[in-house]
Amino acid sequence: MKLTGAQILFECLKREGVEVIFGFPGGSVLDLYHEMTNHDIRHILVRHEQGAAHMADGYARATGRVGVCLVTSGPGATNTVTGVATAYADSVPMVIITGQVPTAMIGDDAFQEVDIIGITRPCTKHSYLVRDVNDLARVIKEAFYLARTGRPGPVLVDLPKDVQQAQADFRYPRRIDLPGYHPTVEAHMGQIKRAYQFIKKARHPVLYIGGGVVHSGAYDELVRFAEMTRIPVTGTLMGLGSFPATVTDAAGRKEPHPLWLGMLGMHGTFRANMAVSHSDLLIAVGARFDDRVTGKISGFAPKAKIVHIDIDPTSISKNVEVDIPIVGDCKNALEKLIQMVEAEPIEGLDELRAPWAGQIHEWRETYPLAYTQDSDVIKPQFVVDTIYRVSNGDAVITTEVGQNQMWTAQYYLFDRPRRLLTSGGLGTMGYGLPAAIGAQVGMPDRLVVDIAGDGSIQMNIQEVITAVCNCLPVKVAILNNRYLGMVRQWQELFYQKNYCGTCLDASPDFVKLAEAYGAVGLRATKPEEVEPVLREAFSINKPVLMDFVVSPEEGVYPMVPAGKSISEMLLV
């Protein structure tokens with residue numbers, strides 16, 4: 001039986017298990033929206049296409065499934081580009097479907113025509129322009145396969161209007177044939193054995209974990225391997241939650257996991273940065289040696305042999321030369337390392353690791369993460385700390401970008417993966433609110449909290465109405481310091497306190513703004529009001545904006561200045 005391109009698309013989405021689409025209609029996708037009503041797929045109408053991309057991203061990060069967004073041609077497509085680039089930088093599986101002018105008009109500068117393939121080629125895993133309806137089913141099959149396999153990422157499908165209307169026999173491919181695309185999943189056993197010989201001899205080893213551990217579902221294997229070998233663990237921003245920050249004692253109290261060092265890098269903990277700087281073996285698992293992690297390359301782990309496990313071979317030795325490259329899935333590689341430990345236990349493990357554990361404990365005690373909460377002004381760290389305590393560390397947390405993001409990474413202790421959704425590689429302000437909406441769609445029974453700044457939240461604040469209209473009870477905690485805080489901090493430290501362009505004295509009344517959208521608005525101006533506001537917000541089954549008026553010039557510390565090694569931290 002012949003189907004139209006629009007019908008074929010939705011049959012394909014059904015076979016891929018798509019349950020929700022985040023989108024915004026327009027002329028070039030009217031055939032798709034007309035067909036959508038015939039299918040059991042939930043549509044979330046956004047208020048800006050950038051929001052659609054971030055919602056699909058948040059949905060994908062929270063659930064592990066491929067996120068899908070649908071927008072019209074021209075400005076609809078270009079409005080998604082920031083969201084697409086955000087997903088690409090953080091390896092998030094997404095399929096972006098864009099409308100396009102009829103094929104005969106492509107290249108004629110038709111109304112709402114842009115070369116979205118050319119625009120997004122640098123920030124997608126692959127981009128397709130479908131010119132023949134007979135190719136559509138194959139393209140959709142390939143798009144989802146590419147998005148979720150290997151190093152995940154966004155794939156864009158550009159669908160001209162006439163292809164949506166044309167007819168073809170529908171056959172969904174049973175297999176994928178992509179010459180040249182064969183991700184290596186199985187880690188090479190020879191390299192695993194070489195790495196294990198390094199591990200057996202190391203006196204100051206560190207596991208450095210990134211987002212690849214989350215994507216591969218390697219949480220249990222990582223914990224087991226670290227505990228079997230007594231190797232301390234540090235994580236990138238994207239790796240937080242891949243190793244538990246806390247353990248629960250016999251009395252049910254949470255206490256720090258003895259192997260967890262915290263985040264490393266520009267705003268990492270003192271103990272994590274010092275441990276990496278003094279390590280003799282650094283085992284990188286699903287991380288890419290980003291500049292915010294390494295600082296000055298020549299000062300990064302200068303004494304260490306480096307083992308790098310990653311499914312993306314182009315990431316290995318890209319920024320930092322490694323001694324043992326292991327291409328493969330993180331879960332698979334860790335499983336094989338565990339087999340090696342079981343077959344050849346490390347002799348004298350307690351004696352071997354005890355001095356290193358003692359040194360790390362000394363660093364932890366000497367310079368812990370800390371702040372002083374006065375009686376008059378709310379410290380932003382106190383808000384994050386209280387969110388952690390009131391939520392029992394069990395919320396799905398999204399963030400905007402800036403100080404709010406770093407305080408969250410430092411003071412919210414993540415024990416499981418997919419609990420922190422944040423823009424790491426691109427650093428996209430305006431990410432947190434739509435990502436929280438996407439996460440709430442995918443995890444309807446979970447508490448979802450966006451920890452935001454008063455600057456970032458305004459970049460996509462129109463999506464509050466999306467949450468209201470879809471009965472999505474996301475909570476937004478605004479750390480309102482009346483500044484673009486992170487930029488202001490740099491101006492304070494390195495630009496003689498010349499606060500040009502960073503003062504936000506003319507911010508809106510967020511409580512009234514929430515009410516105007518049909519959400520609930522709450523405010524705290526004193527430390528004793530923080531916990532009651534949070535408890536009230538968490539008890540309300542509606543979207544809530546909480547305005548926490550915090551200390552205006554509070555900084556994020558530790559901080560590694562640009563051009564310095566990660567051992568050269570500013571601690572005050």
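Let me begin by describing the structure that accompanies this report.

Reading the values: the criteria
Residues numbered from 1 in each chain as written. Predicted model: local features only at pLDDT ≥ 70, side-chain atom pairs only at ≥ 80, totals over all residues. Heavy atoms only, no water. Helix = DSSP H or I, 4+ residues; strand = E, 2+ residues; numbered from the N terminus. Rg over C-alpha atoms; globule rule 2.2 N^0.38 Å. Buried < 20%, exposed > 50% of the residue type's maximum accessible area, 1.4 Å probe, protein only. Contact = heavy atoms within 4.5 Å. Lys, Arg positive; Asp, Glu negative; His and termini not counted. Charge placed at Lys NZ, Arg CZ, Asp CG, Glu CD. Core = buried A, V, L, I, M, F, W, Y, C linked by side-chain atoms within 4.5 Å. Expected span 1.5 Å × (residues − 1). Pairing = 2+ DSSP bridges. Axes fitted to C-alpha atoms, helices over the stretch in contact; angles between N-to-C directions. 1 Å grid on protein atoms, 1.4 Å probe; cavity = no way out; pocket = protein on both sides within 12 Å on 5 of 7 lines; lining within 4 Å. Points joined across faces, edges and corners; volume = space filled by probe spheres on them. Nonpolar A, V, L, I, M, F, W, Y, C, P; charged D, E, K, R; others polar. Polar contact = N/O pair within 3.5 Å; in protein donor to acceptor, adjacent residues only side chain to side chain. Salt bridge = Lys/Arg side-chain N within 4 Å of Asp/Glu carboxyl O.

## Quick notes on the overall build of the protein chain
Stage number 1. Scanning the protein chain from terminus to terminus reveals 22 helices and 22 strands.
Stage number 2. Taken over the C-alpha trace, the protein chain has a radius of gyration of 24 Å; the compact-globule value for 572 residues is 25 Å, and the two agree within 12%.
Stage number 3. Considered along the principal axes of its C-alpha atoms, the protein chain spans approximately 70 × 60 × 50 Å.
Stage number 4. Per-residue burial over the protein chain gives 60% buried out of 572 residues.
Stage number 5. When contacts within the protein chain are restricted to residue pairs at least 6 apart in sequence, those whose partners lie at least 24 apart make up 76%.
Stage number 6. Counting 54 positive and 64 negative side-chain charges, the protein chain places the averaged centre of each group 4 Å from the other.

## Structural notes on the nonpolar core
Stage number 1. Of all hydrophobic cores here, the largest spans 76 residues; its most connected members are M546 and F548.
Stage number 2. With seven residues, the single largest contributor to this core is helix 14 (residues 330–343).
Stage number 3. What M546 contacts, discounting residues up to four positions off in sequence, is K475, V476, A477, I478, L522, V533, L534, A537 and F538.
Stage number 4. Listed in part, the 47 residues of the second largest apolar core include A52, Y59, V84 and L433.

## Description of helix 7 (residues 136–148)
Stage number 1. Relative to the 18 Å expected for 13 residues at 1.5 Å per residue, helix 7 spans 19 Å between its end C-alpha atoms, a close match to the ideal helical length.
Stage number 2. Among all positions of helix 7, only L136, A137, V139, I140, K141, E142, A143, F144, L146 and A147 are buried.
Stage number 3. On its buried face, helix 7 is in contact with helix 1 (5–15), strand 4 (67–71), strand 5 (94–100), strand 6 (126–129) and strand 7 (154–160).
Stage number 4. One or two positions beyond helix 7, positive phi appears at G150, with a value near 60 degrees.

## Some details on the sheet that holds strand 3 (residues 42–45)
Working definition: the strands of a sheet are paired by backbone hydrogen bonds and lie parallel or antiparallel to each other.
Stage number 1. Pairing in this open sheet of six strands is parallel, and the strands run 3-2-4-5-7-6 from one edge to the other. Across the chains shown, the open sheet's two edge strands, defined by having one partner strand only, are strand 3 and strand 6. Ignoring strand direction, the axes of neighbouring strands in this sheet form an average angle of 20 degrees.

## So, the layout of surface pockets
Stage number 1. When its volume is computed, the second largest pocket comes out at roughly 580 Å³.
Stage number 2. What lines the second largest pocket is a set of 21 residues, among which Y88, R151, D312, T314 and S315 lie closest to the centre.
Stage number 3. Residues of the lining of the second largest pocket, tallied by class, amount to eight nonpolar, eight polar and five charged.

## Considerations on empty space enclosed by the protein
Stage number 1. Per the stated rule, a full pass over the model turns up one cavity of 30 Å³ or more.
Stage number 2. Approximately 160 Å³ is the volume attributed to the largest cavity.
Stage number 3. Lining the largest cavity are 13 residues, and of these R61, V214, H215, M238 and L420 sit closest to its centre.
Stage number 4. Elements with a contribution of two residues or more to the lining of the largest cavity: helix 10 (211–216) and strand 18 (420–421).
Stage number 5. The biggest single contributor to the lining of the largest cavity is helix 10, with three residues.
Stage number 6. Across the lining of the largest cavity, the residue classes tally to seven nonpolar, two polar and four charged.

## Some words on the pairing of strand 16 (residues 324–327)
Stage number 1. Side chains I324 and I326 project from strand 16 onto a buried face, and the interleaved P325 and V327 project onto a face without burial.
Stage number 2. Summarising the sheet, strand 15 (residues 305–310) and strand 16 pair through four bridges and their orientation is parallel. Residue pairing across strands places V307 opposite I324, the latter belonging to strand 16.

## Things to note about helix 14
Stage number 1. The end-to-end C-alpha separation of helix 14 is 20 Å, in line with the 20 Å expected for 14 residues at 1.5 Å each.
Stage number 2. Residues of helix 14 that are buried: C330, N332, A333, L334, K336, L337, I338, M340 and V341.
Stage number 3. A side-chain oxygen of the first residue of helix 14 lies 3.1 Å from the backbone nitrogen of K331; this N-cap is D329.

## A look at the pattern of salt bridges
Stage number 1. Enumeration over the complete set of coordinates arrives at 28 salt bridges.
Stage number 2. Here R488 ties to E492 by a salt bridge, and the two come within 2.8 Å at their closest N and O atoms. Taken together, the residues R488 and E492, both in helix 20 (residues 485–494) and four residues apart, mark about one turn of the helix.
Stage number 3. For E492, a relative accessible area of 25% translates into the label partly exposed.
Stage number 4. The closest approach of N and O atoms between D547 and R523, which form a salt bridge, is 3.0 Å. Of this pair, D547 sits in strand 22 (residues 544–549) while R523 sits in strand 21 (residues 520–524), and the two are 24 residues apart along the sequence.
Stage number 5. Classification of D547 as buried rests on a relative accessible area of 4%.

## Describing unusual backbone geometry
Stage number 1. Note the cis peptide between Y557 and P558, where omega equals 0 degrees.
Stage number 2. Here P558 lies in the segment after strand 22.
Stage number 3. The backbone phi angle of A301 is positive, close to 45 degrees, even though this residue is not glycine.
Stage number 4. Topologically, A301 is positioned in the loop between helix 13 (291–294) and strand 15.
Stage number 5. According to the relative accessible area criterion, A301 is buried, its value standing at 4%.
Stage number 6. Despite not being glycine, S317 shows a phi value in the positive range, around 65 degrees.
Stage number 7. Mapped onto the elements of the fold, S317 is located in the loop between strand 15 and strand 16.
Stage number 8. Judged by its relative accessible area of 27%, S317 falls in the partly exposed class.

## Let's talk about the sheet that holds strand 22
Stage number 1. Taken in spatial order, the six strands of this open sheet run 18-17-19-20-22-21, and their pairing is parallel. For this open sheet the edge positions go to strand 18 and strand 21, each flanked by a neighbour on one side alone.
Stage number 2. Relative to strand 22, strand 21 runs parallel, the two sharing five bridges. Of the residues in strand 22, the one forming a bridge with L522 is M546.
Stage number 3. Sitting on the sheet, helix 16 (residues 380–391) touches strand 17 (396–399), strand 19 (448–453), strand 20 (475–480) and strand 22, and the angle it makes with strand 20 is about 160 degrees.

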